[in-house]
Amino acid sequence: MDPVTLQVMVGALRAACDEMGVVLVRSAHSANIKERRDSSTGLFDASGEMVMQAEHIPVHLGAMPFAVAAVLEEEQRPGDAWILNDPYRGGTHLPDITLVSPVFWRDELVGFAASRAHHADVGGKLPGSMPADSRTLDEEGVVIPPSRLVNEGELDEALLADITGRMRGPDQRRADLRAQLAAGRTGGARLCDLVDRYGLDTVREAMNETLDYAERRTRARIEELPDGVRESRDMLEAADGDLELRLRAEVAGNELRLDFAGSAEQHDGNMNCPLAVTLSACYFAVRVLTDPDVPACAGAHRPVSVSAPEGSLLNARPPAAVVAGNVETSSRVADLVLAAFGRALGQGTMNNLTLGNDRFTYYETLGGGQGACPDADGPSAVHVAMSNTLNTPVEALELEFPLRAVEYAVRRESGGAGHWSGGDGVVRELEALDEMNFSLITERRRHAPPGADGGEPGQPGRNLLNGDELPPKASGTLRPGDRLRIETPGGGGHGAR
């Protein structure tokens, strides 16, 4: 395919994914999707390879091919749509529900349109379905195996009622799932538009060429890295003590091998990762290190091989709890890869906060400081790395939930000093106006984000309830007037001052 046509097709595929995301966000009902945009969309070819994704949530996108693979061998028909969230059968953690829609042009399977969204509640022991102390999947919510939600255009109302009926706020769950179905239809329509305009053979060729093009660009950048072995280690802050993770990264020509042997065994808590989440974090970090502008597709993953011992924290077996693994352990995996290549680290946590009672559920992640670059200060108060969501605006927060924002500000001078300074974290203090449960799943409270090349670490984060410090993983009850304060970590500095 000539370069001009390829670039036109790459742009068209990217635009289709972006439009899917817009449809999902604007159709959703929960603040978690419509305000924070905790959702992702992608297009896949008929063999299940991801040919393009929108620039949404890294932890969603790198793992989404496993969701398509989970339904690939099933019979596919025009108008079908599949639903799943089982972390060991294509999902990540239970609040992330994935819908996969096969796309047909006439009688030919062209590919798949998929979306993944973090739902504000999927059942389980606590409102918001993000318990800090869960030990099994059942405590975290409803487990949905790959299931046909739409059968040749007919929505399975009984299945939808069964799934949402076991969740809090079932009407909102149904509305958000319908928004995901609309996103899938949009992706399918745009893919068929391309076939109508260019022909099926050209579109299939463009998908293959996009994958190969991304692979070539990624290999070229890996080849620029010096050959050899690099190692890194870091700690996760579990409730019962620290868990060590280790990485051996080897560059050999235009290939990169990442080996997590020696990392902690599968844990009795919820810091465990299915392998899909570990891979997703690695792919994000490699993209940062190589070519951030490469087309966002599976071709960029081909030069990277990842191994983690089965039964370890990074390749857990069912029915291990995983709710924190998706958000916090994934952040540490990305940190390990970046640290192995000499980067100062950012906050390394999503600072997960969940609030709710029998009338509402609310979930948000909080931004913080990013590590300094070798040639620039780190950005402050941002959602990047494995999160990449927006914040919930104070106006939307106070309008929809029984909460008052007491303070929302940059946490000044929390970034690590250095020739280039790390970014600053944020302060978010909320006052409860009703009785509610809370759950905090956070990291970098005991261990500060390290700097690089002589740069100082950023300040660790803090969680406080009415002025009293809480541990990194905490849950309890807020009563009217109680104030929960979260101070997020700053990023590490780069280079000595």
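Residues numbered from 1 in each chain as written. Predicted model: local features only at pLDDT ≥ 70, side-chain atom pairs only at ≥ 80, totals over all residues. Heavy atoms only, no water.

Q: What is the right way to read the overall build of the chain from this model?
A: Looking only at helices and strands, one finds 11 helices and 20 strands in the chain. For the chain, the spread of C-alpha atoms along the principal axes amounts to about 65 × 55 × 40 Å. Summed over its atoms, the accessible surface of the chain is roughly 18200 Å², and 46% of this surface lies on carbon and sulfur atoms. Computing the positive centroid from 49 side-chain charges and the negative centroid from 75, the chain places the two 2 Å apart. (Helix = DSSP H or I, 4+ residues; strand = E, 2+ residues; numbered from the N terminus. Areas by Shrake-Rupley, 256 points an atom, 1.4 Å probe, with all protein chains shown as cover. Lys, Arg positive; Asp, Glu negative; His and termini not counted. Charge placed at Lys NZ, Arg CZ, Asp CG, Glu CD.)

Q: How do you make sense of the sheet that holds strand β7 (residues 154-155) when you look at a structure like this?
A: As summarised here, the arrangement of the 7 strands in space is β2-β1-β5-β4-β3-β6-β7, forming an open sheet in which the pairing is antiparallel. Strand pairing shows two members of the sheet lacking a second neighbour, β2 (50-53) and β7, which therefore form its edges. Pairing of strand β3 (residues 81-84) with strand β4 (residues 96-105) involves 3 bridges; the strand directions are antiparallel. What sits directly across from I83, in β4, is L99. Strand contacts of helix α1 (residues 3-27): β1 (39-45), β2 and β5 (108-118), with the helix running at about 140° to β1, the strand carrying the most contacts. (Pairing = 2+ DSSP bridges. Contact = heavy atoms within 4.5 Å. Axes fitted to C-alpha atoms, helices over the stretch in contact; angles between N-to-C directions.)

Q: Explain the environment of S387 to me, please; I cannot follow it from the model alone.
A: Locating S387 in the fold gives a position in the loop between β13 (361-364) and α11 (394-400). With sequence-adjacent residues up to four places away left out, S387 is seen in contact with I57, P58, M350 and T365.

Q: Can you walk me through the sheet that holds strand β10 (residues 255-259) in this structure?
A: The pairing of strands in a sheet happens through backbone hydrogen bonds and is either parallel or antiparallel. Here 4 strands make up an open sheet; going across it, the order is β8-β9-β10-β11 and the pairing mixed. Pairing within the sheet leaves two strands with one partner each, and these edge strands are β8 (228-238) and β11 (304-307). Looking at each pair of strands side by side, their axes are set apart by 15° on average, direction ignored. Where β10 meets β11, 4 bridges bridge the pair, whose relative direction is parallel.

Q: Is there a simple way to think about helix α4 (residues 64-71) in this case?
A: Helical periodicity: at 3.6 residues per turn, an α-helix aligns residues three or four positions apart in one direction. Along α4, the positions that sit buried rather than exposed are M64, P65, A67, V68 and V71. All buried residues of α4 fall inside an arc of 155° around its axis, so they share one side. For α4, the elements touching its buried residues are β1, β2, α3 (58-61), β3, β4 and β5. (Buried < 20%, exposed > 50% of the residue type's maximum accessible area, 1.4 Å probe, protein only. Arc of directions from axis to C-beta.)

Q: How should the pattern of salt bridges be read in this particular structure?
A: As a working rule, side chains carrying opposite charge can pair if their charged atoms are close by. Summed over all chains, the structure comprises 46 salt bridges. For E244, the salt bridge identified is with R246, shortest N-O distance 3.2 Å. Given a relative accessible area of 40%, R246 falls into the partly exposed group. Here R359 makes a salt bridge to D434, at a shortest N to O gap of 2.6 Å. Within this pair, whereas R359 is found in the loop between β12 (352-356) and β13, its partner D434 is found in the loop between β15 (425-432) and β16 (436-441), the two being separated by 75 residues in sequence. Here the salt bridges share partners, and the residues they tie into one network are R404, E407, R411, E429, E431, R462, E469, R483, R485 and E487. (Salt bridge = Lys/Arg side-chain N within 4 Å of Asp/Glu carboxyl O.)

Q: Help me understand the pairing of β5, please; the structure alone is not making it clear to me.
A: Two faces belong to every sheet, and in a regular strand the side chains alternate between them. Buried residues dominate β5, accounting for 9 of its 11 residues. Bridge analysis of β1 against β5 gives 7 bridges, and the strand direction is antiparallel. Paired with F44 across the two strands is F112, which belongs to β5. Direction of pairing for β4 relative to β5: antiparallel, over a ladder of 10 bridges. Across the sheet, the residue bridging to D96 is H118, located in β5. If you look at the hairpin formed by β4 and β5, you'll find 2 residues sitting between the two strands, and R106 has a positive phi there, around 55°.

Q: Explain the environment of R219 to me, please; I cannot follow it from the model alone.
A: Along the chain, the position of R219 falls in helix α8 (residues 200-223). Distance in space between the C-alpha atoms of R219 and L72 is 28 Å, their sequence separation being 147 residues. In this structure, R219 is in contact with N254, E255, R302 and P303, ignoring residues within four places of it in sequence.

Q: Would you take a moment to explain the side chain of E431 for this structure?
A: Following the sequence through the fold, E431 ends up in strand β15. A relative accessible area of 14% means that E431 is categorised as buried. Excluding anything up to four places from it in sequence, E431 contacts P402, L403, R404, V406, G481, D482 and R483.

Q: I tried to follow the packing of helix α6 (residues 157-165) against helix α7 (residues 170-198) on my own but got confused; where do I start?
A: Each pair of packed helices can be described by the angle between their axes along with the distance between the axes. Between α6 and α7, whose axes approach to 9 Å, the crossing angle comes to 130°. One way to sum up the angle between α6 and α7 is to call them oblique. As for how α6 packs across α7, the hand of that crossing is right-handed. Between α6 and α7, the residues in contact are E157, L160 and T164 and P170, R173, R174, L177 and R178, respectively. Considered class by class, the residues forming the contact of α6 with α7 number 3 nonpolar, 1 polar and 4 charged. (Parallel < 35°, antiparallel > 145°, perpendicular 65-115°, else oblique. Left-handed = near helix turned anticlockwise from the far one by under 90°. Nonpolar A, V, L, I, M, F, W, Y, C, P; charged D, E, K, R; others polar.)

Q: Would you mind going over unusual backbone geometry with me for this structure?
A: Phi is mostly negative for residues that are not glycine, and the peptide bonds are mostly trans. Here P318 and P319 are connected by a cis peptide whose omega angle stands at 5°. Of note, P319 is situated in the loop between β11 and α10 (323-340). Look at R37: it is not a glycine, yet its phi comes out positive at around 60°. Positionally, R37 belongs in the loop between α2 (31-34) and β1. The backbone phi angle of N351 is positive, close to 50°, even though this residue is not glycine. Along the chain, N351 turns up in the loop between α10 and β12. Residue N351 is classed as buried on the basis of its relative accessible area, which comes to 0%.

Q: Please explain the environment of P471 as it appears in this structure.
A: As for its placement among the helices and strands, P471 is situated in the loop between β18 (468-470) and β19 (473-478). Residues P471 and R359, spaced 112 residues apart in sequence, show a C-alpha to C-alpha distance of 27 Å.

Q: Help me understand the nonpolar core, please; the structure alone is not making it clear to me.
A: When a protein is soluble and globular, its nonpolar side chains tend to lie buried together. L43, F44, V100, V110 and L191 are the most contacted members of the largest nonpolar core, which totals 48 residues. Looking at which element gives the most residues to this core, the answer is α1, with 8 residues. Contact partners of L191, with chain neighbours within four places excluded, come to L13, L43, V103, V110 and M207. (Core = buried A, V, L, I, M, F, W, Y, C linked by side-chain atoms within 4.5 Å.)

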